[in-house]
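Spelled out, the chains give:
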Amino acid sequence: MRGVARWDGEAWRSLGSGLLPDYDAYGTCTRPWGSDLIVGGRFAQVGGVSASNIARWDGASWHALGSGLDDEVYALAEYGGDLIVGGDFTRAGGIPAAGVARWNGSSWSAMGDNAIYVGVLRVVEGRLFAAGTFLVRR
């Protein structure tokens with residue numbers, strides 16, 4: 001069980017072959033998204049699939065979310081039907097997206113340009129909140 005596991009009521013079970021590489025792979029956050037599970041963290045591969053720091057488990061196999069993120073993921077939230085991802089990254093899917101990005105199910109997009117790092121995401125009464133480090137503009 002490398003970096004991610006499922007409790008079946010009696011024992012922990014692996015989700016495929018887990019996250020790789022073994023030495024620093026971990027899942028920091030998980031979130032249901034539709035009928036799938038999203039796992040973010042620090043890893044390069046999951047279940048034999050290249051997945052840069054974020055992946056989707058459909059109950060049977062792992063899938064990458066595009067080309068992923070260039071550094072660690074710390075927070076996940078669902079907002080407006082999209083998956084919002086926070087972390088210590090500067091690119092999502094190859095495009096500039098510092099600290100926070102949006103996955104619509106097929107592609108990545110940036111969410112503003114003043115986040116540096118986002119460690120917490122929450123949706124409260126239909127509004128998205130983030131905690132982290134942001135540039136102050138005056």
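It should be noted that the structure appears before, not after, this text.
An account of the accompanying structure is given in this report. What you are looking at is a predicted structure, and each value in this text was computed from that prediction instead of being measured.

1. A short note on the pattern of salt bridges
Overall, the coordinates contain 5 salt bridges when judged by the stated rule. A salt bridge links Asp82 to Arg102; its shortest N-O distance comes to 3.2 Å. Pair noted here: Asp82 is in strand E11 (residues 82-87) and Arg102 is in strand E14 (residues 100-103), with a separation of 20 residues, a long-range link. According to the relative accessible area criterion, Asp82 is buried, its value standing at 14%. Through salt bridges with shared partners, a single ionic network connects Arg42, Asp71 and Glu72.

2. Describing the side chain of Asp36
As for its position among the elements, Asp36 is in strand E5 (residues 36-42). A distance of 2.6 Å separates polar atoms of two side chains, one belonging to Asp36 and the other to Arg56. In this structure, Asp36 is in contact with Arg31, Arg56, Trp57 and Asp58, ignoring residues within four places of it in sequence.

Definitions and cut-offs
The residue numbers shown here count from 1 along each chain, following its written sequence. Local features in this predicted model are restricted to residues of pLDDT 70 or higher, and side-chain atom pairs are both shown and tallied only at a pLDDT of 80 or more, whereas totals for entire chains, interfaces and linings draw on every residue. Only hydrogens and water are set aside; all other atoms, that is, all heavy atoms of the structure, feed into the side-chain values. By definition here, a salt bridge exists when the distance from a side-chain nitrogen of Lys or Arg to a carboxyl oxygen of Asp or Glu is within 4 Å. Helix numbering and strand numbering both begin at the N terminus, where a helix is a DSSP run of H or I of at least 4 residues and a strand a DSSP run of E of at least 2. Burial here depends on accessible area, computed with a 1.4 Å probe over protein chains only, as a share of the maximum for the residue type. Under 20% is buried, over 50% is exposed, and the range in between is partly exposed. Here a polar contact means two N or O atoms within 3.5 Å. Within protein one must be a hydrogen donor candidate and the other an acceptor candidate, and residues neighboring in sequence count only if both atoms are side-chain atoms. Any pair of residues with heavy atoms lying within 4.5 Å of one another is described as a contacting pair.

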